[in-house]
Amino acid sequence: MNKSKLLKRFRMLSRIMSNRGDITINLTGNRCYTDYNSITLPVGDLENPDYLELLEGAIDHEVGHLRWTDRTWTAKSYEKGAFFNAIRNGIEDIRMERMVCLEWPGAILNLSKMVTQGIKKGWFSKPTDSFPPSLLLQAVVVYYGRYKINDQVQLKEFCEIALALLTDCIGQKPVHDLILLLDTIPALRSNQHSYELTEQIIQLLKKIEFKPGDSQGNDSGDSQGDDSGDSQGDDSGDSQGDDSGDSQGNNSGDSQGQNSSVSQQVINFVNKCLNADESQLMADLHEQVNNELEKMADEVRSSNDMEQLIDFNAPLISKNDRGTVGTAELNLAKRLSTPISRELHKIIYGLDRKSVNFSKQGRTVEANRLAGVKAGNFNVFKSERITKAPTMAISVLVDRSSSMSAVEMNGANTSALAINLAIDKLKGVNSECIYYSAGDLYEAKCFKSTTKAVKDNFRVSSRGGTHTGLSLYSVIRRLSLRVEQKKVVFIITDGQASDLKYLEKSIEMSELLGIQIVCIGINTGMLYGFENQELLNIQTVEELPSILKQLIKNKLIA
């Protein structure tokens, strides 16, 4: 797999995955789900355009539901039966996607590509006269709304066919009335309004009836007005005697029978709609897309000819440490934070760049260059440009596994506290502190809080295994969504990782995303899995400021 091309894909996906409001997009594992605050989508083949188109469309569609679809009315809709909910869902998808496109115009293309994928995969199919009534009416709602209201023109032909077929089944006027209702979708402002519009459509169906007078009203009037006198005067005897019986008996009987037959067909059509089950309806687009993405992810995972970069699920992050209490030397951490901050300040702000240029015009003359004018060198005007050091996000990842002794855990806690206190003093640099073992991660400090406000959270005790790889992946994923220009992970550990396979993949991912790793070993001569990383090994916390400078300088400037 070409790494430069893969990196380009990752950078693109990082933009796709960025937060929108308070909704987070996660790309991990091989399953689709939402907790109604975030959306998790599976990792497929990043080189497959079909996967990427579905992924981008799914993100915009699902974000739209979380932002604009009230689940209360979805639940009420389910209670009304499969047909009612299918119509309501089709209307809500159209309304919601329209809101998405108004807020994020780039979603227009993403959602259109998703529809094209849906046509290719048969989720949206061309209507035929073999369609069940419920499916035909649902097709009119979905295809008309997506084509006419959301400008998804690839559904134009399907829409026109569906309208013609429905007109044949229930007549022109009911179809016209249905279209008038669907044309109100742009004015809908909530899922409740989608629910109420569905109720209007159901009422419209129930009121459809065939009126015999409509087809013969003009003819009956003419026959009575123009011909009644002649009929009665000249031929009344013959007419009544010879033909009246045949005329009234045959014609009226045929007409009434035909009218009754047509009326019954409409009644049957409506009843079949109202009593339809899910097998007679179009499958939910949300489920179709999710199932396809999961299928694609499974295909990649089972493929032998493609290396899968991410094939594991990240641990969850908890703010509750379940009452475990360790030790940390607060006063020592405060004292060490000043020299640590000083070293970090010199290195981080040493990334400022100053460039000097000379030209033939400008505002500031460099006197030392005036002597060259006689020789034809007129570039005497000086201009300077200073590029500020990039903003930075730092995650401090601390091993709290059972292999860490009480003394080592105290050193890790104090070191993590000192580093975070030091970072708090640096403008443009933000930090978090995460503790890990073999279970959920513990967030001692988030990016938004100050270290001083949560200092007691650093009194962590050791327990459990050492899932360094999985934990590093969680931190890398979080950092990739940060807005800061530069991202660094500090890992504090005794070096005994138990998931080396995942650690290798996480390190590769960090390299692809440009996230740098600084390793701090606690009483260890080697960090397993980090053989190619520079190691800062400390025996006591007091050593941290004196040897931090060179390591961080090498990592940040290299």
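Residues numbered from 1 in each chain as written. Predicted model: local features only at pLDDT ≥ 70, side-chain atom pairs only at ≥ 80, totals over all residues. Heavy atoms only, no water.

S.K.: What is the right way to look at the overall build of the chain in this model?
M.R.: A count of helices and strands for the chain gives 17 helices and twelve strands. Within the chain, the fraction of its 558 residues that count as buried is 48%. Considering only contacts within the chain whose residues lie at least 6 apart along the sequence, 75% involve residues at least 24 apart. Surface summary for the chain: the accessible area is close to 27800 Å², and the carbon and sulfur share equals 47%. (Helix = DSSP H or I, 4+ residues; strand = E, 2+ residues; numbered from the N terminus. Buried < 20%, exposed > 50% of the residue type's maximum accessible area, 1.4 Å probe, protein only. Contact = heavy atoms within 4.5 Å. Areas by Shrake-Rupley, 256 points an atom, 1.4 Å probe, with all protein chains shown as cover.)

S.K.: Would you take a moment to explain the environment of Leu 336 for this structure?
M.R.: You can see Leu 336 is positioned in helix 13 (residues 330–348). A relative accessible area of 4% places Leu 336 in the buried class. For the pair Leu 336 and Ser 415, spaced 79 residues apart in sequence, the C-alpha to C-alpha distance is 8.8 Å. Other than its neighbours up to four places away in sequence, Leu 336 contacts Ala 418, Val 541, Glu 542 and Pro 545.

S.K.: Would you take a moment to explain the packing of aromatic side chains for this structure?
M.R.: The description of an aromatic ring pair uses the distance of the two centres, along with the angle that the planes make with each other. Enumeration over the complete set of coordinates arrives at six aromatic pairs. On the numbers, 6.2 Å between centres and 75° between planes, the contact of Phe 124 with Tyr 143 is edge-to-face. Here Phe 124, found in the loop between helix 5 (107–120) and helix 6 (133–149), pairs with Tyr 143, found in helix 6; they are 19 residues apart in sequence, far enough to count as distant. The pair Phe 124 / Tyr 143 is uniform in exposure class, with both members buried. On the numbers, 5.6 Å between centres and 50° between planes, the contact of Tyr 143 with Phe 158 is tilted. Of this pair, Tyr 143 sits in helix 6 while Phe 158 sits in helix 7 (residues 156–170), and the two are 15 residues apart along the sequence. Aromatic ring contacts, followed pair by pair, group Trp 73, Phe 84 and Tyr 195 into a single cluster. (Phe/Tyr/Trp six-rings, centres within 6.5 Å; stacked < 30°, edge-to-face > 60°.)

S.K.: Before we go on, may I ask you to explain the pattern of salt bridges in this structure?
M.R.: Pairing between side chains of opposite charge can happen when the charged atoms of each approach one another. Using the criterion set out here, one finds twelve salt bridges in the structure. In this structure, Lys 120 and Asp 50 form a salt bridge, with 3.4 Å as the shortest nitrogen-oxygen distance. Taken as a pair, Lys 120 in helix 5 and Asp 50 in helix 2 (residues 49–68) lie far apart in primary sequence, 70 residues in all. Relative accessible area serves as the criterion here: at 21%, Asp 50 is assigned to the partly exposed category. Across the pair Lys 173 and Asp 177 runs a salt bridge whose closest N-O atoms are separated by 3.0 Å. Here Asp 177 and Lys 173 lie together in helix 8 (residues 172–182), a separation of four residues that amounts to about one turn. (Salt bridge = Lys/Arg side-chain N within 4 Å of Asp/Glu carboxyl O.)

S.K.: It is not clear to me how the pairing of strand 11 (residues 515–522) should be interpreted in this structure. Could you clarify?
M.R.: Each regular strand carries side chains that alternate between the two faces of the sheet. Of all eight residues in strand 11, eight are buried, a share of seventy percent or more. Burial of strand 11 is two-sided: the residues Ile 515, Ile 517, Cys 519 and Gly 521 facing one way and the residues Gln 516, Val 518, Ile 520 and Ile 522 facing the other way are all buried. Of the pairings in the sheet, the one linking strand 10 (residues 486–493) to strand 11 comprises seven bridges and is parallel in character. In the sheet register, Lys 487 faces strand 11, and the bridge partner there is Ile 515. Handedness of the crossover joining strand 10 and strand 11 through helix 16 (residues 500–512): right-handed. In terms of strand pairing, strand 11 meets strand 12 (residues 535–538) through four bridges, oriented parallel. Note that in strand 12 the partner of Gly 521 across the bridge is Asn 537. (Pairing = 2+ DSSP bridges. Right-handed = clockwise from strand over helix to strand, strands pointing away.)

S.K.: Please clarify how the side chain of Asn 191 should be interpreted in this entry.
M.R.: By secondary structure assignment, the location of Asn 191 is in helix 9 (residues 191–207). Excluding residues within four positions of it along the chain, Asn 191 makes contact with Thr 69, Asp 70, Trp 73, Thr 74, Arg 88, Glu 92 and Arg 95.

S.K.: Would you take a moment to explain the side chain of Ser 401 for this structure?
M.R.: Examined against the element boundaries, Ser 401 turns out to sit in the loop between strand 7 (392–399) and helix 14 (406–424). Of the residues examined, Ser 401 reaches a relative accessible area of 0% and is grouped as buried. Here the side chain of Ser 401 touches Asp 399 through a polar contact of 2.8 Å, side chain to side chain. (Polar contact = N/O pair within 3.5 Å; in protein donor to acceptor, adjacent residues only side chain to side chain.)

S.K.: Please clarify how the pairing of strand 3 (residues 38–41) should be interpreted in this entry.
M.R.: Of the two faces of strand 3, the one lined by Ser 38 and Thr 40 and the one lined by Ile 39 and Leu 41 are each fully buried. Alignment of strand 2 (residues 33–34) against strand 3, held across two bridges, turns out to be antiparallel. Bridged to Tyr 33 within strand 3 is Thr 40.

S.K.: Whenever I open this one, the nonpolar core confuses me. Can you help?
M.R.: Among the nonpolar cores identified, the biggest contains 75 residues, and Leu 137, Tyr 143 and Leu 166 are the most heavily contacted of them. In terms of residue count, helix 6 provides more of this core than any other element does, eleven residues in total. Ignoring any residue separated from it by four or fewer positions in sequence, one finds Leu 166 in contact with Leu 136, Leu 137, Val 140, Gly 171, Val 175, Leu 178 and Phe 269. Counting residues in hydrophobic clusters, the runner-up holds 40 residues, among them Leu 332, Val 396, Ala 422 and Ile 520. (Core = buried A, V, L, I, M, F, W, Y, C linked by side-chain atoms within 4.5 Å.)

S.K.: It is not clear to me how the packing of helix 4 (residues 82–103) against helix 9 should be interpreted in this structure. Could you clarify?
M.R.: Describing two packed helices takes the angle between their axes plus the distance from one axis to the other. In contact at an axis separation of 9 Å, helix 4 and helix 9 are set at 130° when each is read in the N-to-C sense. Between helix 4 and helix 9, the angle falls in the class oblique. The two elements helix 4 and helix 9 meet at a crossing, and its hand is right-handed. Contact residues: helix 4 offers Phe 83, Phe 84, Ile 87, Arg 88, Ile 91, Glu 92 and Arg 95, while helix 9 offers Asn 191, Ser 194, Tyr 195, Leu 197, Thr 198, Glu 199, Ile 201, Ile 202 and Leu 205. When the residues that make up the contact of helix 4 with helix 9 are grouped by side-chain class, the tally is nine nonpolar, three polar and four charged. (Axes fitted to C-alpha atoms, helices over the stretch in contact; angles between N-to-C directions. Parallel < 35°, antiparallel > 145°, perpendicular 65-115°, else oblique. Left-handed = near helix turned anticlockwise from the far one by under 90°. Nonpolar A, V, L, I, M, F, W, Y, C, P; charged D, E, K, R; others polar.)

S.K.: Whenever I open this one, the sheet that holds strand 10 confuses me. Can you help?
M.R.: In a beta sheet, neighbouring strands pair by backbone hydrogen bonds and run either parallel or antiparallel. Read from one edge of the open sheet, seven strands run 4-9-8-7-10-11-12, paired in mixed fashion. Looking at strand neighbours, the two that pair on one side only are strand 4 (317–318) and strand 12, the edges of this open sheet.

S.K.: Help me understand helix 2 in this model?
M.R.: Think of an α-helix as 3.6 residues a turn; residues three or four steps apart then line up on the same face. End to end, helix 2 covers 28 Å across 20 residues, agreeing with the expected 28 Å (1.5 Å per residue, within 8%). Burial within helix 2 is extensive, with 15 of its 20 residues counted as buried. Sitting at the amino-terminal end of helix 2 is Asn 48, which places a side-chain oxygen 2.9 Å from the backbone nitrogen of Asp 50. (Expected span 1.5 Å × (residues − 1).)

S.K.: Sorry, what's going on with the environment of Ala 276 here?
M.R.: When you line up the elements, Ala 276 lands in the loop between helix 11 (236–274) and helix 12 (285–302). Under the relative-accessibility criterion, Ala 276 is labelled buried at 8%. When the C-alpha atoms of Ala 276 and Pro 133 are compared, they prove to be 8.6 Å apart, with 143 residues separating the residues in sequence. Ignoring sequence-local partners within four residues, the contact set of Ala 276 consists of Ala 82, Phe 83 and Ser 134.

S.K.: Which parts of the structure should I look at to understand the packing of helix 2 against helix 4?
M.R.: For the pair helix 2 and helix 4, interaxial distance at closest approach is 9 Å and the crossing angle is 100°. Of the possible angle classes, the one that applies to helix 2 and helix 4 is roughly perpendicular. Within the contact between the two elements, helix 2 uses Asp 60, His 61, Gly 64, His 65, Arg 67 and Trp 68 and helix 4 uses Glu 92, Asp 93, Arg 95, Met 96, Glu 97, Met 99, Val 100 and Glu 103. Its residues assigned to classes, the contact of helix 2 with helix 4 comprises four nonpolar, three polar and seven charged.

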